[in-house]
Amino acid sequence: MTSLIAKSLLVVLGSFMIVSGLIVIFSPNINSMFIPFDVDDSAIALASMIRTYAGFFTACGYLTIRFVYSSSKVQIGSILLYIIGTMIIARIFSLFFDGVANYSLVTLSIGTLLFLSLFVVQKNRKNQISYDL
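Our subject in this report is the structure included herewith. (Residues numbered from 1 in each chain as written. Predicted model: local features only at pLDDT ≥ 70, side-chain atom pairs only at ≥ 80, totals over all residues. Heavy atoms only, no water.)

Within the secondary structure layout, serine 94 lies in helix 3 (residues 76-98). The exposure class assigned to serine 94 is buried, which follows from its relative accessible area of 0%. Setting aside residues no more than four positions away along its own chain, serine 94 makes contact with Ala47, Ser48, Arg51 and Gly99. (Helix = DSSP H or I, 4+ residues; strand = E, 2+ residues; numbered from the N terminus. Buried < 20%, exposed > 50% of the residue type's maximum accessible area, 1.4 Å probe, protein only. Contact = heavy atoms within 4.5 Å.)

Set out below in structure tokens:
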């Protein structure tokens, strides 16, 4: 009974994290009920950072729900790929909605390099794992 309540709570909170993160990422106006302060149009770097954090929030919500329904062990590399990938998507939408700033381009480049490096290493490790038990 306690496990069912805990799992239900995780699903509800994970769903809330996904919905709130996606609203912040995909809405043209970054000010919403999920942001505790107002961001004006002149704060491009701040708006970009908030959208990127919303990508992290969305990924954590997804991984929370996946944790509840999955019986397999998820590798750390896969978790990092989900988090960095959603943060990159959020950064791209930030470029579209908030404009281009040097900070945005540099962090998008670094994030993309990190994602590609994680992807290559993760694929290499999966090819080395022996499934013969």
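Now that the structure has been shown, we can carry on.
When two helices pack together, their arrangement is given by the angle between the helix axes and the distance between those axes. At a closest axis distance of 8 Å, the pairing of helix 2 (residues 44-69) and helix 3 adopts a crossing angle of 145°. When the axes of helix 2 and helix 3 are compared, the crossing they make is right-handed. When helix 2 is examined against helix 3, the residues Ile44, Ala47, Ser48, Met49, Arg51, Thr52, Gly55, Phe56, Ala59, Tyr62, Leu63 and Arg66 are found in contact with a partner set consisting of Ile79, Tyr82, Ile83, Thr86, Met87, Ala90, Arg91, Phe93, Ser94, Phe97 and Asp98. Considering only residue class, the contact of helix 2 with helix 3 consists of 14 nonpolar, 5 polar and 4 charged. (Axes fitted to C-alpha atoms, helices over the stretch in contact; angles between N-to-C directions. Left-handed = near helix turned anticlockwise from the far one by under 90°. Nonpolar A, V, L, I, M, F, W, Y, C, P; charged D, E, K, R; others polar.)

Turning our eyes to something else, we now look at the nonpolar core. Of all hydrophobic cores here, the largest spans 9 residues; its members are Val24, Ile25, Ile30, Val39, Ala43, Ala47, Ile50, Ala54 and Ala90. The leading source of residues in this core is helix 2, at 3 residues. Sequence-distant contacts of isoleucine 25, that is, excluding residues within four places in its chain, are made with Arg51, Ala54, Gly55, Thr58, Ala90, Phe93 and Phe97. (Core = buried A, V, L, I, M, F, W, Y, C linked by side-chain atoms within 4.5 Å.)

Spatial relationships are all this shows, so hold off on functional conclusions.
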